[in-house]
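# Analysis of the macromolecular model
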Amino acid sequence: MMKLTEKYLYAVKNRLPENQRADIEREIRSLIEDMIEEKGGYSPETERAVLKELGNPRALANKYLDREDYLISPRYYDKFIFVLKLAISVSLFGVLVAGIVEAATNGVPNPYAFAGTLLGNLLSAVIGALGSVTLFFVALERQLERQDKKDLLNKMSREWDPEDLPEIPQNQAEFSKAGIVVGLVFSFILVILVNYFPHLPDITININDVTVSAPLFNVDVFKTYLPYINLALAVQIIVQIYKLVYGCWSWAAALFNLAANVIAVVVIFMLLSSTRLINADFIALALENMPAGDARIVSQIPGGVKTAMWVIIPLIAIFDSAKAFYYANKSRKVF
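One structure accompanies this document, and this report is about it. Remember, it's a predicted structure, so these values are computed and weren't measured experimentally.

Each helix and strand in the protein was counted, giving 11 helices and two strands. Traced from its N-terminal end to its C-terminal end, the protein shows the element sequence α-α-α-α-α-α-α-β-β-α-α-α-α. Taking all 335 residues of the protein together, the buried fraction comes to 39%. For the protein, the proportion of contacts with a sequence separation of at least 24, taken over those separated by at least 6, is 81%.

Within soluble globular proteins, side chains that are nonpolar generally end up buried alongside one another. Core analysis: the largest hydrophobic core is formed by 30 residues, its most contacted members being Val83, Val133, Phe137, Leu184, Phe188 and Ile241. Of all elements in the fold, only helix 5 (74-106), helix 6 (111-156), helix 7 (177-196), helix 8 (219-246), helix 9 (251-273) and helix 11 (292-331) reach the threshold of two or more residues within this core. Considering every element that reaches this core, the biggest residue donor is helix 5, with seven residues. With residues up to four places along the chain from it excluded, the contact list for Val133 reads Phe80, Val83, Leu84, Ala87 and Phe188.

On the surface, Trp310, Val311, Ile312, Leu315, Ile316 and Ile318 cluster together to form a nonpolar patch covering roughly 600 Å² of accessible area. As for its placement among the helices and strands, Ile316 is situated in helix 11.

Right, let's get into the packing of aromatic side chains. Both the distance between ring centres and the angle between the ring planes are used here to describe each pair of aromatic rings. Tallied over the full model, the rule gives four aromatic pairs. Relative to Phe137, the ring of Phe80 lies with its centre 5.5 Å away and its plane at 80°, an arrangement referred to as edge-to-face. Of this pair, Phe80 sits in helix 5 while Phe137 is found in helix 6, placing the two residues 57 residues apart along the sequence. We note that Phe80, like Phe137, is buried. Here the aromatic rings of Trp251 and Phe325 are separated by 5.9 Å at their centres, their planes lie at 40°, and the arrangement is tilted. Highlighted residues: Trp251 in helix 9 and Phe325 in helix 11, separated in sequence by 74 residues. Judged by its relative accessible area of 23%, Phe325 falls in the partly exposed class.

Attention shifts here to a negative patch on the surface. Residues Glu33, Asp34, Glu37 and Glu38 make up a contiguous surface patch of negative charge. Structurally, Glu33 can be placed in helix 2 (residues 18-38).

To continue, consider the packing of helix 8 against helix 9. As a packed pair, helix 8 and helix 9 sit with axes 9 Å apart at the nearest point and diverge in direction by 160°. Classified by the interaxial angle, the pair formed by helix 8 and helix 9 is roughly antiparallel. Judged by the sense of rotation from one axis to the other, the crossing of helix 8 with helix 9 is left-handed. Residues Tyr225, Tyr228, Ile229, Leu231, Ala232, Val235, Gln236, Val239 and Tyr242 of helix 8 form the contact with helix 9, whose participating residues are Ala252, Ala253, Phe256, Asn257, Ala260, Asn261, Ile263, Ala264, Val267, Met270 and Leu271. Residue classes in the contact of helix 8 with helix 9 are distributed as 17 nonpolar, three polar and no charged.

Turning to the pattern of salt bridges, a few remarks are in order. All told, the structure shown has five salt bridges when counted by the stated rule. Between Asp23 and Arg26 there is a salt bridge, and its shortest N-O distance comes to 2.3 Å. With Asp23 and Arg26 both in helix 2, this residue pair falls three residues apart, about one helical turn. Of the residues examined, Arg26 reaches a relative accessible area of 52% and is grouped as exposed. Each of the salt bridges in this network shares a partner with another, and the network as a whole consists of Glu6, Lys13, Glu25 and Arg29.

Rules of the game
- Along each chain, residue indices are assigned from 1 in the same order as the chain's sequence is written.
- Owing to the predicted nature of the model, reporting of local features is limited to residues with pLDDT of at least 70; listing and counting of side-chain atom pairs is limited to 80 or more, with chain, interface and lining totals taken over all residues.
- Derived side-chain values reflect all non-hydrogen atoms in the structure, with water molecules and hydrogen atoms excluded from consideration.
- Runs of H or I in DSSP of at least four residues are treated as helices and runs of E of at least two as strands, each being numbered from the N terminus.
- Three labels apply to residues, based on accessible area from a 1.4 Å probe with only protein chains included: buried if under 20% of the type maximum, exposed if over 50%, partly exposed otherwise in between.
- Only heavy atoms matter for contacts: two residues are in contact if any of them lie within 4.5 Å across the pair.
- We define the nonpolar core as a collection of buried residues of types Ala, Val, Leu, Ile, Met, Phe, Trp, Tyr and Cys that are connected through side-chain atoms lying within 4.5 Å of one another.
- Residues forming no salt bridge and having over 30% relative accessible area are the ones grouped into patches, like charges within 9 Å of each other and nonpolar side chains (Val, Leu, Ile, Met, Phe, Trp, Tyr) within 5 Å.
- Computed with a 1.4 Å probe, the accessible areas rest on the Shrake-Rupley method; for each residue, only the protein chains presented here act as cover.
- Each reported salt bridge corresponds to a side-chain nitrogen of Lys or Arg within 4 Å of a carboxyl oxygen of Asp or Glu.
- Any Phe, Tyr or Trp ring, taking Trp's six-membered ring, that has another such ring centre within 6.5 Å forms a pair; planes under 30 degrees apart are called stacked, those over 60 apart edge-to-face, and the others tilted.
- A positive count includes Lys and Arg, and a negative count includes Asp and Glu. His and the chain ends are not counted in either.
- Charge positions are represented by NZ for Lys, CZ for Arg, CG for Asp and CD for Glu.
- Lines fitted to C-alpha atoms define the axes, with helix axes restricted to the stretch in contact, and inter-axis angles between N-to-C directions lie between 0 and 180 degrees.
- The labels follow the angle: roughly parallel below 35 degrees, roughly antiparallel above 145, roughly perpendicular from 65 to 115, and oblique for the rest.
- Put simply, a crossing is left-handed when the front helix is turned counterclockwise from the back one by less than a right angle, and right-handed when it is turned clockwise.
- Three categories are distinguished: nonpolar for Ala, Val, Leu, Ile, Met, Phe, Trp, Tyr, Cys and Pro, charged for Asp, Glu, Lys and Arg, and polar for the others, with Gly belonging to the last.

Interpretation in functional terms is not warranted from these geometric data alone.
Okay, here's the thing in structure tokens:
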């Protein structure tokens, strides 16, 4: 097996649009095999000489790319379109479902005003998804391109050698596309809910024929935390997009993942530490309509849940971060 050739092909195709990779890989593989035959047949020395003649895989990949100026280059365009479609679809679905739930919960006194508000929210969600995803991809692509150029300049200071080729990442170091999609969908839904419908989780209960209905959260207090929540969600989305673009774990991906987990934990702890976030009127009203024994048990639940979350959330973040660094170490890739 021509191990150097496989590493070379991986290095080239990893810099090409996904829909072109298979055809170009076959073309280059055939070219390498023909060049080896012309030099008298395979040997490790012949393989190395042929790859050296073809040159740096970055330079070869660039020859297959249309180098006109693009906001999003062909290398990442298919991933950009995939994430954009996902973001818009989830945003529209989230706003529509939340609007229907709100209408079913609170009624629709004025159908025209409701329709206008819903259409405005749908349009705003589409514009927000389009702008956010485009901004994320532009920033991420520019960073990756700068790293590529830096690596290329460093290696151009000496003659390129096939032995410089990095190892092909092992399967267990590659990202699960399904996991990335689930993460993006979950993050986009949360963005829609916290920004457009923070008042939605109203709770209605019936105790001893007494109906109690009130918002779960103190909306005014919740809005003061909204910038921090959006920051945590934005970082999570950036990490998911980075993983989708790059394809496998690296030390940089593991560090980004760690940063996202730290920010998420800090924001969640800020919310847990707030004494005014949960609507006190709702709790008091609910307890007033319960038997004394039940009320005493129920009143202890929030404290128990908070205590459990103070322990569980850091453990999840530590496990997720440790797993990322474990796979990054197996792939032995910096970026």
